[in-house]
Amino acid sequence: MGRNVADLMWEMLEKAGVERCYGIVGDALNPVVDALHRNGHIEFVHVRHEEYGVFAAVADAYLTGKPVVVCGTAGPGVTHLFNGLMDAKKEGAPIIAIAGDVETKLMDTAAIEELNPYKFFETACLYLGRVVNPEQARAVINTAILTAVADHGPTVISMPGDVASSEADFRIQELALPAKPVFRPADSDVEKLARMIEEANTVALFGGDGCRDARDEVITLAAKLKAPVGYSFRGKQWLEHDNPYAVGMTGLLGYGGAYKAIHEADLLLLLGTDFPFPEFLPNGDVKKVQIDRNAKHLGRRTALDLALVGDVKSTLASLLPSITERKDTHFLEKHLGETRDFEELLNHYVEKGPGIKPIRPEFLAATLSDLAAPDAVFFVDTGTPCIWAARHIKGGNERRIFGSFSWGSMANAAPNAFGAQLAFPGRQTIALCGDGGFTMLALGDVLTQVQRKAPVVQIILNNESLGFVNIEQQEAGLVPFGVDFKTANFARVAEAMGAKGIRLEEPADVKDALAEALSYKDGPVVLDAVVDPFALSLPSHVPFHMAKGYTLSMAKQVLSGRMDSVIKTIERNVRLA
């Protein structure tokens, strides 16, 4: 018996470096999964929810740099893939989705579970191929693989069951995967950048995820220019630790001297960042240069004086020999001083934390950072976990911090941590979860973690609220509404599902509870931490509209009879405790 199209598809994926496929089996997908079973070299990770599987795959692919497969059956199954594929597109993860499709004889007849994959996946992938004939299968599969790997994003192969089980009319040789290219601007543009730097009295650097492979070059440039280095949340893990020029973050999560540094410099270099909050970027008073491998990112957040297409590492490597080392450290020291001063504010509730109940999330996050392994991988749910991680989880050469930073989906942290655990067995993978996100998606797949005995540590910030939405509504001048809900004792739920559950209510128990969770190796842990629902965290720079919104919101809350909430918010966020 000859091999069918699905057999050869998995062989091609295996040659591309695929090691895992996350998903749920089902009717239209059965011939594909049957071939995966015969392949025997790619692990099938059966999850309870396809969206959970995609978020797990995104972390797996992003951290390893290898392509990862996800799958869902026709109609409802593939629609559950969409949100995770959008996250993969935004975070730059090489994901290949195998989408089950109705049989070719049923296409365009409004058959049960039929959808048009071209229309549905259009915004969520870099390439989609619908395999309607075995003769086109090799080309479609090859294009999907190479696009995902070379362009760092999701692709989709829509595979009808009848085509998947058809005899293949092609044979697989080696799959030609390109090495990472050296990609930098033309010499004339690099020379122009060098002249702009020489002409500027003060220079500031602001980096994002594009500095992933360029940490040494960025710090070397900062050392030559005596330039402060700020970073986005995606750039924090590459540029914060062991960096004598680091001045923190700007934006809604901002801390330190980054905001003032980038606004007071003569020249700002935006390095591999598509920072999405233009109100925190300088206007025309500062000259700006942006370097990015994706030309679509250039100039769309702020007007530029020079736009350069290329990766940060290669571009800076070609620039550095032309840069004269400077002696004047006044500009740098000023903003490093601001960063040190803000550090005192950040540490107030960390230092006072053992005596404050409910537990302050700053204290919890800082203690977690101190206790976690040097190579721990942290994942944060969108919302207030991002605030506390940005400010209190410290990076390191081997530590990583990941989340849905560019897409902003809820409920990503727990599946991210699960995918990382499969990619790096035994390494500490820690999910800092919101109670809303955990109940939205993660709770059901605790069973998946239990089944696989995956030692994923999930720390739930249990404040019975959509905390970040609460803050957003107050920023807009609104009375918070629709953000409160009743939660469970997640530790008891976890124990009932076969995981280790820890309930944390007393601040005196924080260190011991975290140590217990981090040391447990026999399966997943759910640490249910009851934290202060009134804890706020303002950025180092507060835009006028935000201050105005908070003032208006507080006034409205007083007038609507919520004076008690206003008093608690004030007394718990002005360092009275």
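Nothing here was measured: the structure is a model prediction, and the numbers come from that model. Throughout this description, residue numbers start from 1 for each chain and increase along the sequence as written. In keeping with the model being predicted, local features are shown solely for residues with a pLDDT of at least 70 and side-chain atom pairs are shown and tallied solely at 80 or more, while totals for entire chains, interfaces and linings include all residues. In computing side-chain values, all of the structure's heavy atoms are included and hydrogens and water are not.

Examining the sheet that holds strand E2 (residues 43-46)
At step 1: The strand order across the open sheet formed by six strands is E2-E1-E3-E4-E6-E5, and the pairing between neighbours is parallel. The open sheet is flanked by E2 and strand E5 (127-130), the only strands paired with a single partner. The sheet shows a mean angle of 20° between the axes of neighbouring strands, taken without regard to direction.
At step 2: By this definition, two strands are paired if DSSP reports at least two bridges between them. Each helix is a run of DSSP H or I of at least 4 residues and each strand a run of E of at least 2, with the numbering of both proceeding from the N terminus. Both strand E4 (residues 95-101) and strand E6 (residues 155-160) contribute to a ladder of six bridges, which runs parallel. Following the sheet pairing, Ile96 is matched in E6 by Thr155.
At step 3: Docked against the sheet, helix H1 (residues 5-15) engages strand E1 (20-23), strand E3 (68-72), E4 and E6, running at close to 170° with respect to E4. Here the axes come from fitting lines to C-alpha atoms, over the contacting stretch only for helices, and the angles between their N-to-C directions go from 0 to 180 degrees. We call two residues contacting when some pair of their heavy atoms lies within 4.5 Å.

Remarks on the packing of aromatic side chains
In this description, an aromatic ring pair is defined by two values, namely the gap between the centres and the angle between the planes.
At step 1: Planes of paired rings set the category: under 30 degrees apart is stacked, over 60 is edge-to-face and the rest tilted, where pairs are Phe, Tyr or Trp rings (Trp by its six-membered ring) whose centres lie within 6.5 Å. On inspection of all chains with the given rule, the structure shows ten aromatic pairs.
At step 2: Centroid distance Tyr52 to Phe418: 5.9 Å. Interplanar angle 40°. Geometry classified as tilted. One end of the pair, Tyr52, is in helix H3 (residues 50-64); the other, Phe418, is in helix H17 (residues 413-423), and 366 residues separate them in sequence. When sorted by exposure, Tyr52 lands in the same class as Phe418, which is buried.
At step 3: A network of ring pairs unites the aromatic residues Tyr62, Phe379 and Phe402 as a single cluster.
At step 4: Consider the ring centre and the ring normal. A charge sits over the ring if Lys NZ or Arg CZ is within 6 Å of that centre and within 35 degrees of that normal. The ring centre of Tyr349 lies 3.6 Å from the NZ or CZ of Arg360, which sits over that ring. Only protein chains enter the accessibility calculation, which uses a 1.4 Å probe; a residue whose area is less than 20% of its type maximum is buried, one above 50% is exposed, and one in between is partly exposed.

Some words on the sheet that holds strand E18 (residues 500-504)
At step 1: Spatially, six strands are ordered E15-E14-E16-E17-E19-E18 in an open sheet, and the strand pairing comes out parallel. Each having just a single partner strand, strand E15 (400-403) and E18 make up the two edges of the open sheet. Taking the axes of each pair of neighbouring strands and ignoring which way they run, one obtains an average angle of 20° across the sheet.
At step 2: Bridge count between strand E14 (residues 377-380) and E15: four bridges; the pairing is parallel. Bridge pairing in E15 links Phe379 to Phe402.
At step 3: Strand contacts of H17: E14, E15, strand E16 (429-434) and strand E17 (456-462), with the helix running at about 170° to E16, the strand carrying the most contacts.
At step 4: Strands E17, E18 and strand E19 (525-530) of the sheet are contacted by helix H21 (residues 490-497), whose axis makes an angle of about 170° with E18.

Here's the deal with the environment of Gln458
At step 1: The topology assignment puts Gln458 in strand E17.
At step 2: Overall, Gln458 belongs to the buried group, its relative accessible area being 0%.
At step 3: As a C-alpha pair, Gln458 and Phe418 span 40 residues in sequence and 9.8 Å in three-dimensional space.
At step 4: For Gln458, the contacting residues outside a window of four places in its chain are Ala414, Ala431, Cys433, Phe438, Val446, Gln449, Pro524, Val525, Val526 and Leu527.
At step 5: Two N or O atoms count as a polar contact when they lie within 3.5 Å, although within protein this holds only if one can serve as hydrogen donor and the other as acceptor, and sequence-adjacent residues are included solely when both atoms are side-chain atoms. At 3.0 Å, the side chain of Gln458 and the side chain of Gln449 are in polar contact.

Focus on the state of the cysteines
At step 1: Disulfides are defined as cysteine sulfur pairs within 2.5 Å. Per the stated rule, a full pass over the model turns up zero disulfides.
At step 2: Its sulfur unpaired, Cys71 is 3.7 Å from the next cysteine sulfur, which belongs to Cys21.
At step 3: Residue class for Cys71 comes out buried when judged on its relative accessible area of 3%.
At step 4: Unpaired in this structure, Cys433 has its nearest cysteine sulfur neighbour in Cys386, at a distance of 11 Å.

Here we look at the pattern of salt bridges
At step 1: We define a salt bridge as a contact between a side-chain nitrogen of Lys or Arg and a carboxyl oxygen of Asp or Glu at a distance within 4 Å. Applying the stated rule across the entire model yields 27 salt bridges.
At step 2: A salt bridge links Glu325 to Lys226; its shortest N-O distance comes to 3.4 Å. With Glu325 in the loop between helix H13 (312-319) and helix H14 (330-351) and Lys226 in the loop between helix H10 (215-225) and strand E8 (229-231), this residue pair connects regions lying 99 residues apart in the sequence.
At step 3: Here Lys236 and Glu240 are joined by a salt bridge, their closest N and O atoms 2.7 Å apart.

With respect to helix H7 (residues 134-151)
At step 1: The span one expects for a helix is its residue count, reduced by one, times 1.5 Å. The terminal C-alpha atoms of H7 lie 26 Å apart, and with 18 residues this matches the ideal 26 Å at 1.5 Å per residue to within 8%.
At step 2: Every buried residue belonging to H7 is among Pro134, Ala137, Val140, Ile141, Asn142, Ala144, Ile145, Thr147 and Ala148, and all of these are buried.
At step 3: Where H7 is buried, its residues contact H1, E4, E5, E6 and helix H8 (161-164).
At step 4: Two or three places before Glu135, at the start of H7, stands the capping residue Asn133, its side-chain oxygen 2.8 Å from that residue's backbone nitrogen.
At step 5: Downstream of H7 by a residue or two, His152 has a phi angle that is positive, lying close to 55°.

What about the environment of Arg20?
At step 1: By the secondary structure assignment, Arg20 is in strand E1.
At step 2: The spacing of Arg20 and Leu422 is 402 residues in sequence and 8.9 Å in space, taken between C-alpha atoms.
At step 3: Sequence-distant contacts of Arg20, defined by excluding residues within four places in its chain, comprise Ile42, Glu43, Val45, Asp60, Val68, Val69, Leu422 and Ala423.
At step 4: For Arg20, the side chain forms a polar contact with the side chain of Asp60, separated by 2.6 Å.

Observations concerning the pairing of E19
At step 1: Burial of E19 is extensive: five of the six residues sit out of reach of the surface.
At step 2: Across six bridges, E17 lies against E19 in parallel orientation. Within the sheet, the bridge partner assigned to Ile460 lies in E19 and is Asp528.
At step 3: A crossover links E18 with its parallel partner E19, the connecting element being helix H22 (residues 510-519), and its sense is right-handed. By convention, orient the strands away from the viewer: a clockwise path from the first strand over the helix to the second makes the crossover right-handed.

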